[in-house]
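Breakdown of the fold
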Amino acid sequence: MIQNASRQRKIHQPTIEARLKDLNAVKQSILDDSKIVKKGVSSIPVKIYPEFYFKELKFFADLVIVEMDMTLQKIWLSEKMTDIAAIIELKCDSGNAISTSDYIKTDMPKLKEYIHWLNYDCQYYFGVIYENDCEWLHWFDKRSTNHWANGRLTELNAGYLGETMYFEVNSYNNMNFQQKRTPCNVIF
């Protein structure tokens, strides 16, 4: 019995060592600064800011991914920001009143203001989870998508079409999937 357990340990030892190596790599990646890759540059440290305040517009963006220069001798992290990679506005609601739809649409003018008035060459995302039956999963009309949102914006939407919850990407920036829809299979 003891010999059999020893033999089993020897057989599984390479697998265990490989899993430990993978686990250590994951631990190290969590400890390292987050990095993104930019064309022509190996990697750039980034931070994710929730409720990022734009003084120029007096708006709070839900999430902003910023590039940082950690070598700058500044006290505040906000002073080490060198560029913005993405601005993300998010909404989640399950109501079915007209006011709910209006509530979701309140971030649309904010995105337009970001694009028109901020001098950042970044991507803009509008993410909506609408836990109700919808006729469609996009929120921007052709007037927006053919003009100010064109080349800059991607919608990340979820909602019910009939009895099925779908996730959909509507990209107006030619960088992401175009009108990619997939059902969400939720198991309770």
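So, here is what we can say about the structure in this document. Note that this is a predicted model, so its numbers are computed, not measured. (Residues numbered from 1 in each chain as written. Predicted model: local features only at pLDDT ≥ 70, side-chain atom pairs only at ≥ 80, totals over all residues. Heavy atoms only, no water.)

1. Let's talk about the pairing of strand E6 (residues 153–161)
Just so we agree on the cut-off: Each residue is placed in one exposure class: buried if its accessible area under a 1.4 Å probe, protein chains only, is under 20% of its type's maximum, exposed if it is over 50%, and partly exposed if it falls in between. A run of DSSP states H or I qualifies as a helix once it reaches four residues; a run of E qualifies as a strand once it reaches two. Both are numbered from the N-terminal end. Strands were regarded as paired on the criterion that DSSP finds at least two bridges between them.
Taken across its nine residues, E6 has seven buried, putting it largely inside the fold. Where strand E5 (residues 123–133) meets E6, eight bridges bridge the pair, whose relative direction is parallel. Bridge assignment links Val128 to a residue of E6, and that residue is Asn157. Direction of pairing for E6 relative to strand E7 (residues 164–171): antiparallel, over a ladder of eight bridges. Counted as the bridge partner of Thr154 is Ser171 from E7. The loop that links E6 with its antiparallel partner E7 comprises two residues; one of these, Gly162, has a positive phi angle of about 75 degrees.

2. Some words on unusual backbone geometry
One non-glycine residue, Glu51, lies in the positive phi region at around 55 degrees. In this fold, Glu51 is placed in strand E2 (residues 41–54). In this model, Lys58 sits at a positive phi of 60 degrees, which is unusual for a non-glycine residue. Examined against the element boundaries, Lys58 turns out to sit in the loop between E2 and strand E3 (59–68). We classify Lys58 as exposed; its relative accessible area is 65%.

In short, the description is geometric, and any link to function would need to be established separately.
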